[in-house]
Every structure is written in structure tokens, then in C-alpha cells.
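# Structural overview
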Amino acid sequence: MSGDEARRRTVTGWDPVRLGVHLAPGRDGTADLPLTEYLPRPHDETLRQRLAGTAATNDAVFVLLVGRSASGKTRAAYEAVAAVLPDWPVVHPADADDLIAADIGPRTVLWLDETQRYLNGAPGERAARALRRLLDRVAPLAVVGTMWPEHLRRLTENRRESDDEAPFVRALLTGRHARITVPDTLSADTSAVAAAAARDPRLAAAVRAAGPGHRVLQHLTGGPELVRCWDMGPDQWFTAPEHAVLTAAVEARRLGPAGAVPAGLLMAAAAGFMDTTARATAGKDWFPAAIGALTAAGSGPAPLIAERHEPGVGDPDSYRPDDYLEQHIRRVRAHRAPPAELWSGAAWARTADDLYAFGRSAEQRRRYGCAAVLYENAVNRGHGRARAAWAVLRETTDGRAAAEETAATDPVAWAALAVAREAVGDRPAAYDAYRHAARAGDAWAWPAMARIREEEGDPAAADAVAALAAEAGQPLAWRNLGRMRAAHDGPAAAKAFAQATDVGDGWGHIGLAQVAERAGDLREAVEHAARAAGSGVTAAWARLVRLHRSLGDSTSAVAAAIGGADGGNAEGWSLLAQLRHADGDVSGAAAAHREAAALGVGAAWRELALLAESDGNGVAAEEAAAQAVRTGDPEAWTALAEAREERGDDTGAARAAAEAARAGDVEAWITLARSRERAGDTEGAERAADLAADRGSPAAWAALSRMRERAGDRDASRQAVLRAGALGALDAWTALGRTREELGDTAAAERAYIRGCEAGDTEAYAALGALYLEQGRPAEACVAYRSAVDAGLPDAWEGLLSALAVQAPRAASAQTVERLRTTGLPPE
């Protein structure tokens, strides 16, 4: 197929397997059969509406389907694109670099199955920026991705600004896009499933195997059988080397990069998952023999999938496990650190980014020695941030001199050292590190130095630093000083802001406007805000709207809102709407919200919906909520559901919640379940919780368990948490345990935490450790906290050290704790 033909290939022109769809093998193991009949579920309607809206509105959309392995995410995307966008070409990049280089035009589907593969490390940051540009500049465009919940949590977890190594990835995944949760069960509509099973013996066999749990999809692809075989342990279904290779492949992907595992890494790591007898008797060809057996499909899916990442055609060089089996092994081993062989085998990692990822995982699990080696290797291979992590680690393990030697002339490393020193209260050392960072070219170090001097009560020294920063072309230090002084010293703040404006910082005028406003001189504030707007600070227009409104000049307020819109900032219209509403001008507020909506402010439609609802116009409210969905804001329906619930309109609230769920916001059903429970409508609460579960979210059942626990209904609480756990809410028991602890029932809390550990929720180990420590059971606390540390939970380390410190004999414990603080834990 030529390049042009490939670029024009629609979804039906692709082999579904190439796009990530799992085939259901027949009874004889044949895997080239047609796809099974598709059984639509509630999320399919949401997905197809989003894709149809893209074509209808000439807009770009990023739809991310989130669900556990073998839940049908990729098949749902395949069927939706085939039904809604059948004539659009489908572009399927191989990796992040391929995504960045792709030439993608309008009326295209960008297919990103296992989206996390494109968003890891430095290439992932570049890919996220490229994807954001595509969504802003190319329309109509449909970007369709899939992801496991744990990958989404890892990529979007909140970090301090200094620790945020992937801000563009986080912004992409937490920004405006359609996130659709996919349940891992089929609908409770058993008649439709039974009818389809009667037409396809593969589906019939899967229904029989799944039993009452409705997890038919997993059995279709043979996943549970693979899990059963692995659970048997080594030298049962799998030989000891085969079992070790499979486990090592999962562990390498859990602790390092998300891609396929290089063969050298896999062979080195697998040795750590075999006992001494297996290592002695495996034979010299153990690895190729294991690979051959694991990559051969028998009566079901192959446990290991071979790939080639080196250029050209040839033998496989990398391997990845079956994803359903991987999900299971991840859960089973989530609280365990890997053997030393995995950390040493990581030297075979494909890229510097991969080495750095392994290093971070080792450090999170307090394997400091392993982390240091990995960071050093990453530095030697050119990783941009590894030196900073290595320097901070060496400050802990080898002292300040070693850390500073490692930082060398790297501004990022010096800044990281400064932040770490400030976090432990060592301001003089932090200031010194910021000074080195500034000399090495870190612009953000200057305002940090000025801040430290100001906080030390030495404004003259702070001014001196800000002056030096300005000479270096960095006015931010003056502006930050102005902000620090604004609350208690208006003249000093004004002086600092004026210094910022003298070196061309338009934001300094915003600061001067703030000082003038606090002093009661609104006209002077207007003058400064106007100067800020004139210098290109678009946020100044919203301030002008508010200032003019305060002066009673509505005409100028509207003009400022228009000025902001002309400059690409619609915030002024939204602010004007709020001010009018506060003054009781409902029609004026609605008019301003419409102006904001016309400029692309999705939340404006939500506000219009709530305004109409409060005015008693339910039809207009629903029209505005529907328009909000078309602009990518499904939460308008949720807000409408909450407003109606508060008003006692149960029917209207349920209707709005249903629309919210169709638009992709299952939180509405969760909110409705809570409301029904509070109102004493148990049946209605459970119905809403079931509807949330049908949309892929068991959180409503988990919430009901806690509400019932607080109400003293232990039996109903238990039934709800069991239901939540059966639907995949691994953290439901842990959350219930915390509720029981709040209520003073520590024995019941302990039982809940233990169930949480059994379910695979690593947070349960930390909660259990804290409970044991509080009860004076340090030995048990150490065991629980050790599991939490091995899982990589950052706060568990101090808990483990505290538990060790209170054990007898105290002298030995103190020495142990002090040693562990600097050395970390040894590799397993």
C-alpha cells in the first residue's frame, strides 16, 4: 500500500487488531475469526454523540476512553468511528515521535490506543504540545484514545510546580476533553446478551464462564484463563523461567516505561524472579525457550507479545505481556518492590527517559543506591532532568559537597537543590543554591532569592536582589516583592511595582492598580489597569470591567469587556455577568454570558442554564445545558441536576442526571445517589448507583457504603461496599475504613483496611500502618508501612521510620533509623 493510500485508509480499511482490538479465539484457538457481535452499552451513546458533534460543528475533539483491561474500550472506539465517521481517514502513529511528525489535516481521526505510550518522558511532553496545537489549529478533527485508570492517575497526579516534569501532559489530560469511563461489565440487560450468545458460540462460552458477574468481555479474549495459569505459580502451567519472564515483563512496565521491554532487560530481570533451584536447573537456553513458549498462541491469547523496535526487519527485540494478565499481576504485586536484578537490568533500557523513569521508581521505593546508579546512567545518556534528581538524592545519601559536585553548572539541578533545602527549613543553604542557579541562567531563581530576603525581614537586601535581577533582564523579582508587600505596606509595594514597570513589565501596572484600589483611588486604579491593557496584558481588561462597574460607568465596563474580547480574553464578559447578577440584573447577566459563550467560554452556557432554571424557565435551561455539551462542558447538566435536587424536583433532577451521564459526566449519578440516600429513598439511591456503574463508575456504591456506615446501618454499608468492590472500586474498603476510624470503631476500621489490602489498594497499607502505630503496635505498623513504601507511596517512609523508632531497644532503633534516612532500603 502506498503512503497516500495509507493516509486515506478509513477505519474499516484497517485490520482491527492493528488498531488494538482484541479478537475472541474460537474453541480450537483460531484467532482470525470475524469480530464478535457488538453489544452497545450506555457509554457508546456518549462516544458517538461526541464524534458526531465534531463533524456537525466543524470542531476538534479529544475523546479519551478510560477503563480497565479488556473492558472493550478499543472496540467501542472502533465501532463508533465506523458508525459515525466512516469516510474519515484514520492515522495511527507508532509512537510519540511518529505522532509529532505526523501530517494531519481536517476530517481525520487520530487513533491513540493506549494513549499513555505517547505521553511518557520528554518525547511525551513534546507529543502533548503537538497534540494541543493540533486540537487548536485543525478542524474538524477527532482524536480518540484509550487508557487504564492507573495510567491516567500517574500522568495527572498533582505535583509541586518544581516537581512537575510533565506539565503539558497534565494540562492535556486534565483540560477540556471528553473523558468517557468504560465499565468492565456488560449491561445487566441479559436478554440482549443471551440473544447474541445464541448466534455466536464464542460469546455463549464467555457468558457461561463469566457467571453472574457480567464480565463476559474478559472471558471472550481468554484473559481469566491466563490469570488462573499465572496464579498457579512457577512449574505448574508455566515453567519457572516462563513464569519469571512474564512477571519481570509486568514489573518492568510497572516501574519503568510503558512500552515493550527490551530483551536484554527482560532476561536480566527475570533471573530475580526465580528461586535458587530454578536458576541452577533452567539450562543455558532458558530464555529463548521461555520466549518461544510464551509468544506462541495456544487455545487463547499469547501471554507475551513480541515487537521489534530496532530499525529494519528482523527478529523481535522487545516484549510486552497480555494486558489483562498485566493488570492482574500489577494488582497482586502493587505492594511489593522488585528484586535487585530488575534495577540492575534496567541498564538495558532503551532510552535515557526510560532509565530516568526506573530511577524515579527506585527512589520512590527508597532504594537509594539503585536510584543513584540509574540517574547517573541517565545523565551519561543525556537526560535533561536526571542530574537534578541525582543531585538532590546525593544530598541525602552523601552530603552537601557531593550534591553540589553533582549539580556542577546545571541550573535545573541547583534550583532543585534549593527547593529541597527550603523544604527542610535550611534557608541559608537554599539561598546559596538559588544564587548558583541564577548564575547558571535560571530566571526563576532571582525572585526566589528576593523572597527569602524579604521573608527574613531585610527589605533592603531584597531590593538589591531585585535590582540585580532587573539588570539581568528579569523583572519578576520586583513584581513578586510588590505582591508580598501589598497587604501591609502600600507605598513599598507601589515602589516595587513601579520598578517592574520601569524595566518593561506590563504586569507591574496591574500591581499598581491593585495598590491604588486598596487605597480607595479607583480612578488611578483605572489608569494603571488601562496602561497594563495597552502593554498587552489581556487580564487587565477584566479588572477594568470591575473598576468601571464600581465607578458606576456601565458604558466603559462594556467597552472594557469588548476590548478584552478583541484581545482574545473573554473573562471580562464573564465577570460583567457575575457583577450584573449580583446586582439583580438577571437579563443583563444573561446577555453578558451569551457574549462570553459566543467567544468560546464553555462555562458560560452552564451559567445560562442555571440562570434560566432559577428564573423558572426549565426549557431554556435545558437548551443551554445541551449547548454546553456541544462546546465540551457536560457538567452543565450536572449543575442543573444538583439545582433541581435542592429544589425537590426529583423527576427533573433524574432527567438532568441522565443527560449528564450521556454527555460523559457520571458524577451526576453519584450526586443523585447521595441525594436520594439523604432523602431516605434507598431504592432510588441504589438505582442511581447502578446507573453510574453502567457508565463505568462504581464510586456511587462506595459513597453509599460510607453514608450508610455513618447512619449506623452496618449491614447495608457492607452490602454497598461489596457491590463497589465487585464493580472494580479497589479503594472502596479503604475509604470505608477511614469512615469507621472517624466514628471511633478502630476494630472495624482495621478489618476494612485489611480487605482493602486484599483488593490491591496500596493506600490501605499506609492507613493500616498509621492505625497500628497509633494503637501502640509498632511491629505490625512496620510491616504495613514497609508494604506502602515498597508500593512507592511518598508519605509512608516517615511512617515506617516512626514505627522503627519506637521499637525496643531504643538505642538500636535510633541507629537504624538514622542509617536508613541516609542510605534508604537495600534492594530485595
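Overview of the structure.

Criteria and cut-off values
- Residues numbered from 1 in each chain as written.
- Predicted model: local features only at pLDDT ≥ 70, side-chain atom pairs only at ≥ 80, totals over all residues.
- Heavy atoms only, no water.
- Helix = DSSP H or I, 4+ residues; strand = E, 2+ residues; numbered from the N terminus.
- Rg over C-alpha atoms; globule rule 2.2 N^0.38 Å.
- Buried < 20%, exposed > 50% of the residue type's maximum accessible area, 1.4 Å probe, protein only.
- Contact = heavy atoms within 4.5 Å.
- Areas by Shrake-Rupley, 256 points an atom, 1.4 Å probe, with all protein chains shown as cover.
- Pairing = 2+ DSSP bridges.
- Right-handed = clockwise from strand over helix to strand, strands pointing away.
- Axes fitted to C-alpha atoms, helices over the stretch in contact; angles between N-to-C directions.
- Parallel < 35°, antiparallel > 145°, perpendicular 65-115°, else oblique.
- Nonpolar A, V, L, I, M, F, W, Y, C, P; charged D, E, K, R; others polar.
- Polar contact = N/O pair within 3.5 Å; in protein donor to acceptor, adjacent residues only side chain to side chain.
- Left-handed = near helix turned anticlockwise from the far one by under 90°.
- Core = buried A, V, L, I, M, F, W, Y, C linked by side-chain atoms within 4.5 Å.

## Points about the overall build of the chain
Within the chain, the regular secondary structure consists of 47 helices and 8 strands. A compact globule built from 828 residues should have a C-alpha radius of gyration of about 28 Å, and the chain, at 29 Å, falls within 12% of that. Based on the C-alpha atoms only, the size of the chain along its principal axes is roughly 85 × 70 × 70 Å. Sorting the 828 residues of the chain into buried and exposed places 52% on the buried side. Within the chain, counting contacts between residues at least 6 apart in sequence, those at least 24 apart form 58% of the total. Summed over all atoms, the accessible surface of the chain reaches about 35,700 Å², with 50% contributed by carbon and sulfur.

## Section: the pairing of strand E3 (residues 108-112)
Buried residues dominate E3, accounting for 5 of its 5 residues. By the alternation rule, side chains of E3 split into Thr-108, Leu-110 and Leu-112 and Val-109 and Trp-111, which are all buried. Here 2 bridges tie strand E2 (residues 90-91) to E3, and the two strands are oriented parallel to one another. By the bridge assignment, Val-90 is partnered in E3 with Val-109. Considered for its hand, the β-α-β crossover made up of E2, helix H4 (residues 96-101) and E3 is right-handed. Bridge count for E3 against strand E4 (residues 141-147) is 5 bridges, and the pairing is parallel. Across the sheet, residue Leu-110 finds its bridge partner in E4, namely Val-143.

## Points about the packing of helix H25 (residues 459-471) against helix H26 (residues 476-486)
For any two helices packed against each other, one specifies the crossing angle of their axes together with the interaxial distance. Packing of H25 against H26 brings their axes to within 8 Å, and their N-to-C directions diverge by 150 degrees. It follows from the interaxial angle that H25 and H26 lie roughly antiparallel. Residue-level contacts link Pro-459, Ala-462, Asp-463, Ala-466, Ala-467, Ala-469 and Ala-470 of H25 to Ala-477, Trp-478, Leu-481 and Arg-485 of H26. In terms of residue class, the contact of H25 with H26 is built from 9 nonpolar, no polar and 2 charged.

## Quick notes on the side chain of Glu-251
Within the secondary structure layout, Glu-251 lies in helix H12 (residues 240-255). In terms of polar contacts, Glu-251 uses its side chain to reach the side chain of Arg-254, at 2.8 Å. In this view, Glu-251 contacts Phe-273, Arg-333, Arg-336, Pro-338 and Leu-342; residues no more than four positions away in its chain are not counted.

## Some details on helix H46 (residues 796-805)
Taken across its 10 residues, H46 has 7 buried, putting it largely inside the fold. When we look at burial in H46, the residues that qualify are Ala-796, Trp-797, Gly-799, Leu-800, Leu-801, Ala-803 and Leu-804. Residues of H46 that are buried in the fold lie against helix H19 (368-380), helix H44 (762-774), helix H45 (778-790) and helix H47 (810-823).

## Concerning the sheet that holds strand E7 (residues 304-307)
Within the open sheet, the 3 strands sit side by side as E6-E8-E7. Their pairing is antiparallel. In this open sheet, the two edge strands, each paired with only one partner strand, are strand E6 (261-262) and E7. Relative to strand E8 (residues 318-321), E7 is paired through 4 bridges, and the arrangement is antiparallel. By the bridge assignment, Ala-306 is partnered in E8 with Tyr-319.

## With respect to the pairing of E8
Judged from the 2 bridges that link them, E6 and E8 form a sheet pairing that is antiparallel. Residue pairing across strands places Pro-262 opposite Ser-318, the latter belonging to E8.

## Focus: the sheet that holds E4
One open sheet holds the 5 strands; their spatial order is E2-E3-E4-E1-E5, and the pairing between them is parallel. Where the open sheet ends on each side, the last strands, each with one partner, are E2 and strand E5 (178-181). Bridge count for strand E1 (residues 60-66) against E5 is 4 bridges, and the pairing is parallel. For Leu-64, the partnering residue across the bridge sits in E5 and is Arg-179. Where helix H7 (residues 167-174) meets the sheet, it contacts E1, E4 and E5, and its direction lies at approximately 90 degrees from that of E1.

## Some points on the packing of helix H34 (residues 602-614) against helix H36 (residues 635-647)
At their nearest, the axes of H34 and H36 sit 9 Å apart, and the two run at 25 degrees to each other. The orientation of H34 relative to H36 falls into the category roughly parallel. Where H34 crosses over H36, the handedness of that crossing is right-handed. Here H34 contributes Arg-606, Ala-609, Leu-610 and Glu-613 to the contact with H36, which in turn contributes Glu-635, Ala-636, Ala-639, Leu-640, Ala-643, Arg-644 and Arg-647. Residues of the contact of H34 with H36, tallied by class, amount to 6 nonpolar, no polar and 5 charged.

## Re the nonpolar core
Buried together is how nonpolar side chains tend to be arranged in soluble globular proteins. Counting 78 residues, the largest nonpolar core has Val-245, Leu-266, Leu-304, Trp-343, Phe-358 and Trp-797 as the members making the most contacts within it. Ranked by the residues each element gives to this core, the list is headed by H12, at 9 residues. Look past the residues within four positions of Phe-358 in its chain and what remains in contact with it is Ala-252, Leu-255, Gly-256, Pro-257, Leu-265, Leu-342, Trp-343, Ala-346, Ala-349 and Leu-374. In this structure, Ala-657, Ala-732, Trp-733 and Leu-736 belong to the second largest nonpolar core, which totals 45 residues.

## Re the side chain of His-243
The topology assignment puts His-243 in helix H12. Exposure remark for His-243: the relative accessible area of 10% places this residue in the buried category. Side-chain polar atoms of His-243 contact the backbone oxygen of Trp-230, separated by 2.9 Å. Filtering out sequence-adjacent residues up to four positions away, His-243 remains in contact with Trp-230, Gly-233, Pro-234 and Phe-238.

## Considering the environment of Val-182
Looking at where Val-182 falls in the secondary structure, it is placed in the loop between E5 and helix H8 (190-199). Those residues within four positions of Val-182 in sequence are excluded, and the remaining contacts are Arg-41, His-43, Leu-65, Val-66, Gly-67, Ser-71, Lys-73, Arg-695 and Gly-696.

## Here's the deal with the environment of Asp-442
Its place among the elements puts Asp-442 in the loop between helix H23 (427-439) and helix H24 (445-455). C-alpha separation for the pair Asp-442 and Asp-410, spaced 32 residues apart in sequence, amounts to 9.2 Å. When sequence neighbours within four positions are dropped, the list of residues in contact with Asp-442 reads Pro-411, Ala-415 and Ala-437. Only 3.0 Å separates the side chain of Asp-442 from the backbone nitrogen of Trp-444, close enough to count as a polar contact.

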